[in-house]
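Here's the letter readout for the chains.
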Amino acid sequence: MIQLRRTLAAASALLLTAACLILTGLTGLTVPAASAAVWQPKTPPLSTPWTAQVSPANALPDYPRPQLVRSDWLNLNGVWEFTGAPNLDSPPVGRTLPEGVLVPYPIESALSGIKRHEDTMFYRRTFTVPSGWSGRRVMLNFGAVTWETRVWVNGVQAGRHTGGYDAFSFDITSALRSGDNELIVGVSSPIDGGTFPIGKQRRNPSGIWYTASSGIWQTVWLEPVNAAHVTRLDTTPDVPAGVLDLVVRGTGDQARAEVLIDGTVVGSATGAVGSHIRVPVPNARLWSPDDPFLYDLRVTLTGNGGGDVVTGYFGMRSIGKAVAGGVLRPVLNGKFVFHLGTLDQGYWPDGIYTAPTDEALRFDLERQKALGFTMVRKHIKVEPARWYYWADKLGLMVWQDMPSLDAVDDPPERSHANYESELRRIVDQLKGITSIVMWVPFNEGWGEYDNQRIVDLVRSIDSTRLINHDSGSNCCVSDPEPTNGDVIDDHWYQVPGEGDTRLPTATRIAVLGEFGGLGRRVQGHEYQPGAGFAYGDLYPDEGSLTNRYVEITRQVERLVHTRGLSASVYTEPYDVENEVNGFYTYDRRVPKMTEARVREANRRLLAVAAGTDVPRGEPVSLRVTTPGYTGRYLRHQDGLARTDVIDGGSADLAKQDATFWTRPGLADSSCVSFESRDFPGEYLRHSDYRLRRDRQDGTALFAADATFCPREGQGGTRLESYNLRGHFVRHYNALVYVAKQGGANPWDAAASFAADTTWAVTVPLWRSGAGLPLDQARSFRVTTAGFTDRYLRHRSSLARTDVVTAGSDALLKSDATFVVRRGLAEPTCYSLESRNYPGRYLRHANFRVRLDAPDGGELFRRDATFCAQPGSTPGSVRLASLNELGTSVRHYAEEVWVASGGGAHPYDNPASYAEDVSWAVTAAWAP
């Protein structure tokens, strides 16, 4: 009965489609499939909100190629006949095939109705060419098919194509006949073990390798063209010149190009087909994530063989690199814009490689934009053209990965030709996409070879974008770095500390190409219940997962101006199969984090990167960004502000003098005031234009003098005086003033004014906001109410808390005593050496604090280093872990851990967290 209802529903849908054909004419028709084909959808592991909307009558009915649009076309998506086959040598001409498949969903998908893999397969259907197409050539177009495709029309082989990610077309005019025409598509898709790019597809998926997407997986359609017709529009905006550089590809003589806004022509030019046509775009409105404005484009072939008309679109924008804030940055339209992105893999539980509907395709990008992201890294997959259209339309920059070969390391030489051929075609096909700002040929060294030559190859096809030769070149099986790339790309799934990411160079920007991977399973929305994994801990609920995202985003924020970081890519927007790292579940139904908090964290990061905000409530230092002076920092000396060169070898006092707490502005909380780290209660303020350090006197004048409002600078922050508007904090001959460009004073000089008033707000030169007595023995008492007689001690090498009193035995007192040493990994923090086991230190391992002897490794040194910060009670300290960011030493049920306030573990319980991580520093029990 269920099958009968499905068959009747499919038949009704086909009748409705036929009626629509009569009403709407030929544009965008969906042709009924071969009569023998019956589609029986399978049940997907998870259904999306769009799964039930898919039917034979509306299988991706939208025009599939937004940058080269023709008014007449015939959609061949729908139900085709299908069969597996041993090879492609014997096409089933004239034979009915036993199964029905819904094109264009890959055969492994539930939406296809097949839901299994075949190495080799045939598709079959019939179609009728509309009578209105008489006298024109008929093109058969494929969005993408994996991997080898052969096509027969009425028993005549019409063409062959190899490649799983690029569009291709065949002129089938000579094989056509009146009435019904038979179309057979043979596909070979062996996936594993091949010598061609497959990305993350595997026949036997597991872990980070996913279900294959074989066969036809993008739209198939027919369109009529003139003998002379356009095949591609290569659009390159030239912002400085105010023109669109257009190359019309195809056959014909001359072409006329028109740029339009809302149907009105604003610029036009004529030139030869195949040549560069410079089309004026007057007063160009530039495309950016904040203003993703797109122009319409109309191209008409003129002269001999003219008449073909196509439409498309483009955005005016420029891409490059430039020094901003003293370091090399990517620039969009000449301005540094932080690339805040996600690792978007483009998988669906119902359609695998193919989104169920165009609405779903758009949704994926809309949600990322709504969360505050400015960029998407399209991870080792190429999407249908409409995905890029939505990225262009919504305003998301795109890093485009090349799908990798299946050999993770050292691919066989015979695979190189396939890889490079498809790479060329993909870059050619996508180079007109406005939103694409970077090409990524390799990922973590997978299939990497000849990387310098590959960079040159990509640049020879498109020199207008940045090239990231290998995302994650710091890890895995990456080959040595070439000298000709534009990007240094690190992957850190353990959130990087301030010294972990590599610095930009004079020729390469620095990015964090993957990080995050925070996981959470959501019952009822799992691909395989209980099998979900993450790249780190699994978090129990929305709050703890969101807390951790906010914390690691704060860390990325700190790296922007401390390490010259220009981009970050979070893994990932949506769960993929058993990877549960997404902001949303794989079925796109449940947000796993609090969206408003994610959006606010992202907004703050972008504001800090732009210079319009500074980190709040934490110690910072202010570095000069003027070229030639970037080793200098703002500090106070004898009460006056100045700049000095400060580095790792500088005296403690200089580092402490150059460290300030950022406080809500004393006169306006939306601005900021800078409290001295080593003179609490004293603030930077201006007096007679000179910047100085003074104690707050409670007057309105002092509050105004000590309040500065962050403004966008040249790759950093300008600090505008609250009460002398138009005056900015400036270094001038090593002294510091509030200055007004072009003013009457010497420090108002116009030369290098913008650079001199731009500051990089970095992590503090002195990392500890609270002090401990170096080389002296101390004990650490619990401050949580009801437990204040307990002390931190070690027992059997594990840290815990126990009651210690004057009457306690000598061993307990010694166990509860530690000698304060300079931090083993960071000299402005601290390490705690055991009083009764000299040479052994408190460190954490798997979050548990314990006593161990150094093993000579950097990990131990970092595990045993804690930065002291003010605790929640007067005089107490919080011991923050140097390398488990966002965690501090906490007592929990007598045990001692490094814990966060609301993380994945029981000891991260937010209840009484602030008190539990605050320790009173007392006289040593065992001096």
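Here the structure is a predicted model, which means the values were calculated and not measured.

Asks: If you had to explain the overall build of the chain to someone new, which residues and values would you point to?
Replies: Within the chain, the secondary structure is distributed over 13 helices and 59 strands. Relative to the 2.2 N^0.38 estimate, which gives 30 Å for 927 residues, the radius of gyration of the chain is 32 Å and therefore close to what a compact globule would have. When the backbone C-alpha atoms are referred to their principal axes, the chain occupies close to 100 × 70 × 50 Å. In the chain, which comprises 927 residues, the share counted as buried stands at 61%. A separation threshold of at least 6 residues defines the contact pool for the chain, and within that pool the share at least 24 residues apart is 65%. With the model as given, the accessible surface of the chain reaches about 32,900 Å², and the carbon-plus-sulfur share is 51%.

Asks: Residues and numbers for the sheet that holds strand S16 (residues 230-238), please.
Replies: With respect to topology, three strands assemble into an open sheet ordered S16-S17-S20, the strand pairing being antiparallel. Each end of this open sheet is capped by a strand with a single partner; those strands are S16 and strand S20 (276-280). Ignoring which end each strand starts from, the neighbouring axes of this sheet average 30° apart. Pairing geometry for S16 and strand S17 (residues 243-250), over eight bridges, is antiparallel. Bridge pairing in S17 places Val230 opposite Gly250.

Asks: Give a detailed account of the side chain of Asp613, specifying residues and quantitative values.
Replies: One can find Asp613 in the loop between helix H7 (595-610) and strand S36 (619-624). You can call Asp613 buried: its relative accessible area is 13%. In terms of polar contacts, Asp613 uses its side chain to reach the side chain of Arg616, at 3.2 Å.

Asks: If you had to explain the nonpolar core to someone new, which residues and values would you point to?
Replies: Core analysis: the biggest nonpolar cluster contains 94 residues, and Phe338, Trp399, Tyr549 and Phe583 have the highest contact counts within it. The leading source of residues in this core is helix H6 (residues 542-562), at seven residues. Membership of the second largest hydrophobic core comes to 28 residues, among which are Leu74, Leu76, Trp133 and Val145.

Asks: How would you explain the packing of helix H4 (residues 416-430) against helix H5 (residues 451-461) if you had to name every residue and give the values?
Replies: Where H4 meets H5, the axes come as close as 10 Å, and the angle between the chain directions of the two elements is 35°. Note on packing geometry: the crossing formed by H4 with H5 is right-handed. Here H4 contributes Tyr419, Glu420, Leu423, Arg424, Val427 and Asp428 to the contact with H5, which in turn contributes Arg453, Ile454, Leu457, Val458 and Ile461. When grouped by side-chain class, the residues that make up the contact of H4 with H5 number seven nonpolar, no polar and four charged.

Asks: Tell me what's going on with the state of the cysteines, and back it up with residues and numbers.
Replies: Under the counting rule described, the total for this entry stands at three disulfides. Disulfide partner of Cys475: Cys476, at an S-S distance of 2.5 Å. Across the S-S bond of Cys475 and Cys476 the torsion is about -75°, and the bridge reads as left-handed. Shown here is the disulfide that connects Cys829 with Cys867, its sulfur atoms set 2.0 Å apart. Judged by the sign of its S-S torsion, about 80°, the cystine formed by Cys829 and Cys867 is right-handed.

Conventions adopted
- Throughout, residues of each chain are indexed from 1 in the direction in which the sequence is written.
- Given that the model is predicted, a residue must reach a pLDDT of at least 70 before its local features are reported, and side-chain atom pairs must reach 80 or more before they are shown or counted; all residues, however, enter totals for whole chains, interfaces and linings.
- Excluding hydrogens and water, the side-chain figures rest on all heavy atoms present in the structure.
- Only runs of H or I of at least four residues qualify as helices and only runs of E of at least two qualify as strands under DSSP, and these elements are numbered from the N terminus.
- The globule rule used here is 2.2 Å times the number of residues to the 0.38 power, and the radius of gyration it is set against is calculated over C-alpha atoms.
- Each residue's exposure class comes from its accessible area (1.4 Å probe, protein chains only) as a fraction of the maximum for that residue type: buried when under 20%, exposed when over 50%, partly exposed otherwise.
- In this analysis, two residues are considered to be in contact whenever any of their non-hydrogen atoms come within 4.5 Å of each other.
- Residue burial considers only the protein chains on display, and all accessible areas are found by Shrake-Rupley using a 1.4 Å probe.
- When DSSP locates at least two bridges between a pair of strands, those strands are taken to pair.
- Lines fitted to C-alpha atoms define the axes, with helix axes restricted to the stretch in contact, and inter-axis angles between N-to-C directions lie between 0 and 180 degrees.
- Residues adjacent in sequence count toward polar contacts only when both atoms are side-chain atoms; beyond that, a polar contact is any pair of N or O atoms within 3.5 Å, and within protein one must be able to donate a hydrogen and the other to accept it.
- Buried Ala, Val, Leu, Ile, Met, Phe, Trp, Tyr and Cys residues form a nonpolar core when they are joined through side-chain atoms within 4.5 Å.
- By convention the crossing between two helices is left-handed if the near helix lies anticlockwise of the far one by an angle smaller than a right angle, and right-handed if it lies clockwise.
- Residues are grouped as follows: Ala, Val, Leu, Ile, Met, Phe, Trp, Tyr, Cys and Pro are nonpolar; Asp, Glu, Lys and Arg are charged; every other residue, Gly included, is polar.
- Defined by distance alone, a disulfide is two cysteine sulfur atoms within 2.5 Å.

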